[in-house]
Amino acid sequence: MQALPAVFAPILIVSSIILGFVTPTESGALIVLYTVIVGLILRTLKWSSILKAIVDAAKLTTAIFIIIASSSVLTWLLGYAQVPAAFASLLAPFIDSPIIILFVLSGITFFVGMLMEEVSALMLLTPVSCR
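Keep in mind it's a predicted model, so treat the numbers as computed, not measured. (Residues numbered from 1 in each chain as written. Predicted model: local features only at pLDDT ≥ 70, side-chain atom pairs only at ≥ 80, totals over all residues. Heavy atoms only, no water.)

Tallying secondary structure elements over the protein chain gives 6 helices and 0 strands in all. Shown N-terminal to C-terminal, the secondary structure of the protein chain runs as helices and strands in the order α-α-α-α-α-α. In terms of overall dimensions, the protein chain has C-alpha extents of about 65 × 30 × 25 Å along its principal axes. Looking at the protein chain residue by residue over its 131 residues, the buried ones come to 17%. Of the contacts formed within the protein chain by residues at least 6 apart in sequence, a portion of 44% connects residues at least 24 apart. Accessible surface computed for the protein chain: about 9900 Å², of which carbon and sulfur atoms make up 78%. On the protein chain, the mean spot of the 5 positive side-chain charges and the mean spot of the 5 negative ones are 21 Å from each other. (Helix = DSSP H or I, 4+ residues; strand = E, 2+ residues; numbered from the N terminus. Buried < 20%, exposed > 50% of the residue type's maximum accessible area, 1.4 Å probe, protein only. Contact = heavy atoms within 4.5 Å. Areas by Shrake-Rupley, 256 points an atom, 1.4 Å probe, with all protein chains shown as cover. Lys, Arg positive; Asp, Glu negative; His and termini not counted. Charge placed at Lys NZ, Arg CZ, Asp CG, Glu CD.)

In structure tokens form, the structure reads like this:
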């Protein structure tokens, strides 16, 4: 009987999306609201833990946006330094074979992905490889 609210959460997510009441993003917010209300009603959630969760989420969001901003600045600097044009000239001999270009770009993405976080690496490489 104690697990009934937890069992109802996925049902609420899927049914609200399928019935068209909310989008998937909005269903995430709806479930957060649902769990906070259930936690407060069942007295298993305290205001101090809600505040701690909000602070932790704000710290994580800040870190992600700093990474995205730094990647955007580096992407602009690479564009200013004409790196995409130089990279495109390196790929020019392989222009007839899309398979080779695919393997080269995959290898570069793999190598950069070993050194950087995935989102930043893709934000950095996409403008360079799409020229």
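After that view, the rundown keeps rolling.
Time to look at the UniProt feature "transmembrane region" (unreviewed entry) in the protein chain. Following the UniProt record, one finds the feature "transmembrane region" (unreviewed entry) at residues 7-23, 29-45, 57-79 and 99-125. Here residues 29-45 runs as 76% helix and 0% strand, with 17 Å between its end C-alpha atoms. In residues 57-79, helix accounts for 100% and strand for 0%; the two terminal C-alpha atoms are 33 Å from one another. (UniProt positions renumbered as here; feature names shortened; annotations may be inferred.)

Although it is not a glycine, Arg43 sits at a positive phi angle of roughly 60°. Relative to the assigned elements, Arg43 resides in the loop between α2 (24-41) and α3 (47-80).

Time to look at the side chain of Ser16. Among the structural elements, Ser16 can be located in helix α1 (residues 4-18). When sequence neighbours within four positions are dropped, the list of residues in contact with Ser16 reads Phe21, Val22, Ser27 and Leu30.

Overall, the prediction assigns the protein chain a mean pLDDT of 86, with 96% of residues at 70 or greater. When pLDDT is averaged over each helix and strand of the protein chain, the minimum, 71, is found for helix α6 (residues 118-129) and the maximum, 94, for α2. (pLDDT = per-residue confidence, 0-100.)

There is a patch of nonpolar side chains on the surface, built from Val73, Leu74, Trp76, Leu77 and Tyr80 and spanning about 570 Å² of accessible area. For Leu74, a relative accessible area of 39% translates into the label partly exposed. (Patch = residues over 30% accessible without salt bridge, like charges linked within 9 Å, V, L, I, M, F, W, Y side chains within 5 Å. Salt bridge = Lys/Arg side-chain N within 4 Å of Asp/Glu carboxyl O.)

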